[in-house]
Amino acid sequence: MGQIVFAGAMSHVLDPEYYQRACGALGRRTVEECMAEIARMGERCSARGLDALIVVADDHLNAFSFNAVPALCVRIGREVQRMTQDHAEAFDKVLDHMPERYPLHEDLANAILEQGLDAGFDLALSWEAPVDHAFLSPVNTMLGARAIPPLVPIWVNCFVAPQPTARRCFAFGRHIARVVAARPWRVGLIATGGLSHFPELSLPRVGDTDTVFDKRLIHCMERGEHDPLLELTAGELHKAGGHEFLNWMVLIGAVTPAAADVRYFGELPRINMAAVEWRLP
Ligand SMILES: [Fe+2]
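Keep in mind the model is a prediction, meaning the values are calculated, not measured. (Residues numbered from 1 in each chain as written. Predicted model: local features only at pLDDT ≥ 70, side-chain atom pairs only at ≥ 80, totals over all residues. Heavy atoms only, no water.)

J.: Looking at this structure, how should I read the layout of surface pockets?
T.: One water molecule sets the probe size; rolling that probe over the atoms shows where empty space is left. Approximately 310 Å³ is the volume attributed to the largest pocket. Around the largest pocket sit 22 residues that line it, and His60, Phe91, His133, Pro199 and Glu200 are the ones nearest its centre. At the level of secondary structure, the elements contributing two or more residues to the lining of the largest pocket comprise helix H1 (16-47) and helix H2 (90-93). Split into classes, the residues belonging to the lining of the largest pocket amount to eight nonpolar, nine polar and five charged. Taken together, 14 residues line the second largest pocket, and the ones lying closest to its centre are Gln3, Ile4, Ala177, Ala254 and Pro281. Those elements that place two or more of their residues in the lining of the second largest pocket are strand S1 (3-10), helix H5 (166-181) and helix H9 (245-255). No other element matches H5, which puts four residues into the lining of the second largest pocket. (1 Å grid on protein atoms, 1.4 Å probe; cavity = no way out; pocket = protein on both sides within 12 Å on 5 of 7 lines; lining within 4 Å. Points joined across faces, edges and corners; volume = space filled by probe spheres on them. Helix = DSSP H or I, 4+ residues; strand = E, 2+ residues; numbered from the N terminus. Nonpolar A, V, L, I, M, F, W, Y, C, P; charged D, E, K, R; others polar.)

Right, dumping it as structure tokens:
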């Protein structure tokens, strides 16, 4: 019987140079402290001997476009390539130093996709979408030079209204847990992004954060009180800049009612950075 043996969530812009420019020395120090905790999470993750690592993150309108914006999309196939962009944002430039290709766990991805459709989730699929900083910065920061297990990248539409609901993301996480439980693999699951901030996609609000809102989310995660999180509305998430918490909701659904330990929380004028790890049975 399969098992989720590691679950963690973390911010996904992990670039000291970017935060040095955006927020000065405090920005650099904050992201470096956060990255150090993420690396320690990676040591614990590696020690659990994963067969696969599911990564739930959002697109920033560079893998997909307004041609089609999937609500939930599973990357299938044998391998995935790192995104390359001629005019990459600084924090996508950090990808240049990372491996170019990553093996996928084809059987697990196919099972999540096929059984998801059977279960009523109208999932999108992609054979060729590349992965950007939202996937690769956390994975490479966690695992460093250690082996990266076969990945299952999953996209959640966090930014283009109308997004899937928090409740729907949680339900999709429950689905992932059922698929894992019925298979033989030891699976890690990470969700990335946040906490509150506005990306350049929402330029007039860049610099807004909502620490009260983030602390409320953390309170619920630390206590394993997930019911209030199901009630989060798109309006609340947009008001606070908590859009990317939808990725975290998938993870929370997969591990509920597990409680979480906050490994790092740091406030910046640009974003509240966090790294959180769940206590699994
Ligand atoms: Fe993001």
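Having seen the structure, we can now continue with the description.
J.: Quick question: what am I supposed to make of empty space enclosed by the protein here?
T.: Taken as a whole and judged by the stated rule, the model has two cavities of 30 Å³ or more. Taken as a whole, the largest cavity holds about 90 Å³ of empty space. What lines the largest cavity is Asp59, Leu61, Phe64, Val69, Pro70, Trp155, Val156, Asn157, Phe159 and Val160. Partitioned by chemical class, the residues of the lining of the largest cavity number eight nonpolar, one polar and one charged. Each pocket or cavity is described by its volume, and for the second largest cavity that value is around 40 Å³. The residue inventory of the lining of the second largest cavity, partitioned by class, reads two nonpolar, two polar and three charged.

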